[in-house]
Structure formats: structure tokens, C-alpha cells
Amino acid sequence: AQTVTQSQPEMSVQEAETVTLSCTYDTSESDYYLFWYKQPPSRQMILVIRQEAYKQQNATENRFSVNFQKAAKSFSLKISDSQLGDAAMYFCAYNFGNEKLTFGTGTRLTIIP
Amino acid sequence: EADIYQTPRYLVIGTGKKITLECSQTMGHDKMYWYQQDPGMELHLIHYSYGVNSTEKGDLSSESTVSRIRTEHFPLTLESARPSHTSQYLCASSEWEAIDEQFFGPGTRLTVL
């Protein structure tokens, strides 16, 4: 069974600085999909960024980018120029084929003004 | 904001009561999901559906049941609520492909006394 591990239960970063959230996963598949979801306090969970495993280029969405290391089974999220609105729980997730999403345990990100 | 709705947002109920948590989406998505999430913790998939008349149990065993009579509607029912059912319940939907994002509702926070 696939597993997703987020080893940082909590992280904090100074406003305007850069922070990296870690995610590792375990799979025997070669073609799969990886996601980062954001869950702000008392608000709906939304997709931040996604990556297709067969694409070598790291995905980027404005201030959010990933460092996808397929051989190491690592999928970290970098948030540049952190803003107060980035404070949230961040969940890494994995999907293979047309199966269900497997979520990690989450990282709570605090932004220090 | 995603067009996926959950009612009620908050529910406090006594042990033994029957409850139905409502979830509706207006995006025409075939796939819908129910997750259980304790505050600040990971998501556990409890039910999912690939379309009308399709329902499957998820990874976490749950005493709840679901139905999918219409594409847009995916209610979750607890026949006899217990304090162990106290949690947040998140509904989500997506299009068909594995790369497609899941859109989440705002959640129902259930407390069983």
C-alpha cells in the first residue's frame, strides 16, 4: 500500500521569507500524481499545486513550487515570499491510476508577522 | 470558491439519534468522497462513489452509510450516533482523471454528546 509521510508536524516562517515543507512517499509505481493541498483555519481545503511523476520539470504556481525527486520519492513544497494568508495546514497527497488520494498527516504552517 | 456544499456546518446531537449529513455539488462530477478528520489531523477516507448507484467503503472503517441516487447529491447517514462519531466530516468531488483535483466542501463538525 502506498504511504505518504510528512515529517514536520509544525513549521513557522517569518513573513516574506521562504519555507520548505517536506513530503516523502512510498510506491512501486512509475507513473503517478502528487499534490499539495492547503486547509486554512475554518476554510475549505484547496489545491495548491500538482505534479505528474513522468514529468521531470518541477511544477510552479506563482509563489509555490515543488522539488520533485523521483528516485528519492520526495516531493517538497517551497513557499516563497510567505504571506499571512499562507497560514494553514498543508497536506501532501498521492494518487496512482484512478485510485483514491492517499494523504499525509499534514504540516501546520505558522506565519510570523 | 468551489461549488460544493455541506449542511449543516455544525451539529450537536445526543447519543442514539439518527443523522444525515448533506453534500451537494453543482459541477457535474462523477466522483464524490467522504472524509473524516479530527481537528488538525490527517484525513481518512470513509466512503466514495464513482457515479450514480455506485458506493464503496474507504480505508477507514465507518458505521455510517451513503447513497448516490443523483449525481449531484451524496448524503452520509449515521443510524445511531455515538460519542466516538464526534469529528469533522468533509465531502469532496472530482472529475474522472487521477490528475484532477478534488474540490472540498466546508465540512460538518459533528459533536455527539
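Please read all numbers here as calculations on a predicted model, not as lab measurements.

Novice: Honestly, the overall build of chain B in this entry has me stumped. Any pointers?
Specialist: Tallying secondary structure elements over chain B gives 0 helices and 11 strands in all. Listed N to C, the secondary structure of chain B is β-β-β-β-β-β-β-β-β-β-β in terms of helices and strands. Across its three principal directions, the C-alpha atoms of chain B cover 40 × 30 × 25 Å. Taking all 113 residues of chain B together, 48% fall into the buried category. Surface summary for chain B: the accessible area is close to 5300 Å², and the carbon and sulfur share equals 50%. Of the charged side chains in chain B, 9 are positive and 15 negative; the average position of the first set lies 10 Å away from that of the second.

Novice: Please clarify how the state of the cysteines should be interpreted in this entry.
Specialist: Think of a disulfide as a covalent bridge from one cysteine sulfur atom to another cysteine sulfur atom. All told, the structure shown has 2 disulfides over all chains when counted by the stated rule. Between the sulfur atoms of Cys23 of chain A and its disulfide partner Cys92 of chain A the distance amounts to 2.0 Å. Given an S-S torsion of about -70°, the disulfide between Cys23 of chain A and Cys92 of chain A has left-handed geometry. Here Cys92 of chain A lies in strand S10 (residues 88-95) and Cys23 of chain A lies in the loop between strand S3 (19-21) and strand S4 (24-26), a separation of 69 residues in the sequence. Considered together, Cys23 of chain A and Cys92 of chain A belong to a single accessibility category, that of buried residues. The disulfide partner of Cys23 of chain B is Cys91 of chain B, and the gap between their sulfur atoms is 1.8 Å.

Novice: Explanation requested: the interface of chain A and chain B in the structure shown.
Specialist: A common way to state how big an interface is: give the accessible area lost once the parts meet. Opposite the 21 residues of chain A that make contact, chain B presents 27 residues. Counting each side, the surface lost to burial between chain A and chain B is near 2000 Å², with a carbon and sulfur contribution of 50%. At the boundary of chain A and chain B, one finds 0 salt bridges. The interface formed by chain A and chain B holds 4 residue pairs in polar contact (both at pLDDT 80 or more) in total. A class-by-class count of the residues in the side of chain A that touches chain B yields 9 nonpolar, 8 polar and 4 charged.

Novice: Before we go on, may I ask you to explain the nonpolar core in this structure?
Specialist: Core analysis: the largest hydrophobic core is formed by 25 residues, its most contacted members being Tyr25, Trp36, Phe75, Leu77, Tyr90 and Leu109 of chain A. Tallying contributions element by element places S10 of chain A first for this core, with 4 residues. The next biggest cluster of nonpolar side chains, apart from the first, holds 19 residues, and it includes Tyr35, Leu45, Ala92 and Phe104 of chain B.

Novice: I keep staring at the packing of aromatic side chains and nothing clicks. Help me out?
Specialist: Geometry of an aromatic ring pair is reported as the spacing of the ring centres plus the angle between the planes. Summed over the entire model, instances satisfying the criterion amount to 15 aromatic pairs over all chains. Plain terms: the ring middles of Phe103 of chain A and Tyr35 of chain B are 5.6 Å apart, the flat faces sit at 90° to each other, and that makes the pair edge-to-face. Here the residue Phe103 of chain A occupies a position in strand S11 (residues 102-103), and Tyr35 of chain B occupies one in strand S4 (residues 31-37), the pair thus bridging two chains. Of the residues examined, Phe103 of chain A reaches a relative accessible area of 8% and is grouped as buried. Geometrically, the ring pair formed by Tyr33 of chain B and Tyr35 of chain B is stacked, given 6.2 Å between the ring centres and 25° between the ring planes. Take Tyr33 of chain B and Tyr35 of chain B: they sit in the same class, and that class is buried. By way of ring pairs, the aromatic residues Phe35, Tyr37, Phe91 and Phe103 of chain A together with Tyr33, Tyr35 and Phe104 of chain B are connected into one cluster. Across from the ring centre of Phe74 of chain B, 5.8 Å away, lies the NZ or CZ of Arg68 of chain B, which sits over that ring.

Calculation rules
- Residues numbered from 1 in each chain as written.
- Chains lettered and ligands numbered in written order.
- Predicted model: local features only at pLDDT ≥ 70, side-chain atom pairs only at ≥ 80, totals over all residues.
- Heavy atoms only, no water.
- Helix = DSSP H or I, 4+ residues; strand = E, 2+ residues; numbered from the N terminus.
- Buried < 20%, exposed > 50% of the residue type's maximum accessible area, 1.4 Å probe, protein only.
- Areas by Shrake-Rupley, 256 points an atom, 1.4 Å probe, with all protein chains shown as cover.
- Lys, Arg positive; Asp, Glu negative; His and termini not counted.
- Charge placed at Lys NZ, Arg CZ, Asp CG, Glu CD.
- Disulfide = S-S within 2.5 Å.
- Contact = heavy atoms within 4.5 Å.
- Buried area = accessible area lost by both parts, 1.4 Å probe.
- Salt bridge = Lys/Arg side-chain N within 4 Å of Asp/Glu carboxyl O.
- Polar contact = N/O pair within 3.5 Å; in protein donor to acceptor, adjacent residues only side chain to side chain.
- Nonpolar A, V, L, I, M, F, W, Y, C, P; charged D, E, K, R; others polar.
- Core = buried A, V, L, I, M, F, W, Y, C linked by side-chain atoms within 4.5 Å.
- Phe/Tyr/Trp six-rings, centres within 6.5 Å; stacked < 30°, edge-to-face > 60°.
- Lys NZ or Arg CZ within 6 Å of the ring centre and 35° of its normal.

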